[in-house]
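Listed below are the residues making up each chain.
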Amino acid sequence: GEAAEEPIIEVERIYYRNDPIILGSPPFKAPNDSTYYMNLFGGLMMQTELERIGVPDVRGVYFHDIGGRMFVVVSIKQRYAGHSTQAALQATELASQGGFAGRYTVVVDEDIDITDLKDVVWAMCTRSDTVSDIDIVRRARSTPIDPLIRKPARSYSQSKAIIDACKPFDWKDEFPRVVSSSPEMLDAIRKKWKSLFP
């Protein structure tokens, strides 16, 4: 952001060491030092908050490093029709972590690895319909550090996208099963042809 007026701070003492352990955490383009830990803690805090406000069977929440707090993935075990939408809306607005900055919220089934962006995008491509599973929340709460907020601004709002990348609840038991090799088979192949797999 741009320079702005801030409170005056009077420094009484400065402690330092000649061989620092922490060298700083500059706010560079993500991923950066702060996103590595802030996203993990933010996900854990959001999961706790979602459970507290009544969203059942949240299996995990993860803020992806590449998006900072702008891209959050929520994993649920679907219990009822509308469960995924409920989780998405709560994560986007009511949960303080998502309401702070989250521009994209993706909800996936429990079989998706929320820490693997490839797995998340695969779920988006195979389980979400572009017409019925993507919603836009307009004029939602944001933060002054959002680069899309034009300065100077009297209020901070932005649009947010919700993507339901879960199997359709009404026929999830009939949904095509995932075809993939077992971990044991993949391990055997890697051992047999290890020269081909560096």
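The structure presented is a predicted model; accordingly, all values stated were derived computationally and were not measured. (Residues numbered from 1 in each chain as written. Predicted model: local features only at pLDDT ≥ 70, side-chain atom pairs only at ≥ 80, totals over all residues. Heavy atoms only, no water.)

Peer 1: Looking at this structure, I do not really get the layout of surface pockets. What am I missing?
Peer 2: Remark: the empty space left among the atoms is shown by a probe the size of a water molecule rolled over them. Approximately 640 Å³ is the volume attributed to the largest pocket. Along the wall of the largest pocket there are 26 residues; nearest its centre are G68, R69, M70, I145 and P147. Mapped by element, the contributors of at least two residues to the lining of the largest pocket are α1 (33-52) and α3 (96-101). For the lining of the largest pocket, the leading source of residues is α1, giving 4 residues. Within the lining of the largest pocket, the residues separate by chemical class into 11 nonpolar, 9 polar and 6 charged. (1 Å grid on protein atoms, 1.4 Å probe; cavity = no way out; pocket = protein on both sides within 12 Å on 5 of 7 lines; lining within 4 Å. Points joined across faces, edges and corners; volume = space filled by probe spheres on them. Helix = DSSP H or I, 4+ residues; strand = E, 2+ residues; numbered from the N terminus. Nonpolar A, V, L, I, M, F, W, Y, C, P; charged D, E, K, R; others polar.)

Peer 1: I would appreciate a short explanation of the pairing of strand β5 (residues 157-165) in the present structure.
Peer 2: Of all 9 residues making up β5, 7 are buried, and the element is well covered by its neighbours. Two elements, strand β3 (residues 104-109) and β5, share 5 bridges in a ladder whose sense is parallel. Across the sheet, residue V106 finds its bridge partner in β5, namely I163. (Buried < 20%, exposed > 50% of the residue type's maximum accessible area, 1.4 Å probe, protein only. Pairing = 2+ DSSP bridges.)

Peer 1: Looking at this structure, how should I read a nonpolar patch on the surface?
Peer 2: A contiguous nonpolar surface patch, about 580 Å² in accessible area, is contributed by Y37, M38, L40, F41, L44 and M45. Taking relative accessible area as the criterion, M45 reaches 46% and is therefore assigned partly exposed. (Patch = residues over 30% accessible without salt bridge, like charges linked within 9 Å, V, L, I, M, F, W, Y side chains within 5 Å. Areas by Shrake-Rupley, 256 points an atom, 1.4 Å probe, with all protein chains shown as cover. Salt bridge = Lys/Arg side-chain N within 4 Å of Asp/Glu carboxyl O.)

Peer 1: Teacher, can you tell me more about the state of the cysteines here?
Peer 2: Simply put, disulfide is the name for a covalent bond between the sulfur atoms of two cysteines. Scanning all chains against the criterion turns up 0 disulfides. Of all cysteine sulfurs in the structure, the one in C166 sits closest to C125, which takes part in no disulfide; the separation is 15 Å. Take C125: its relative accessible area is 62%, and that puts it in the exposed class. What makes C166 buried here is its relative accessible area of 3%. (Disulfide = S-S within 2.5 Å.)

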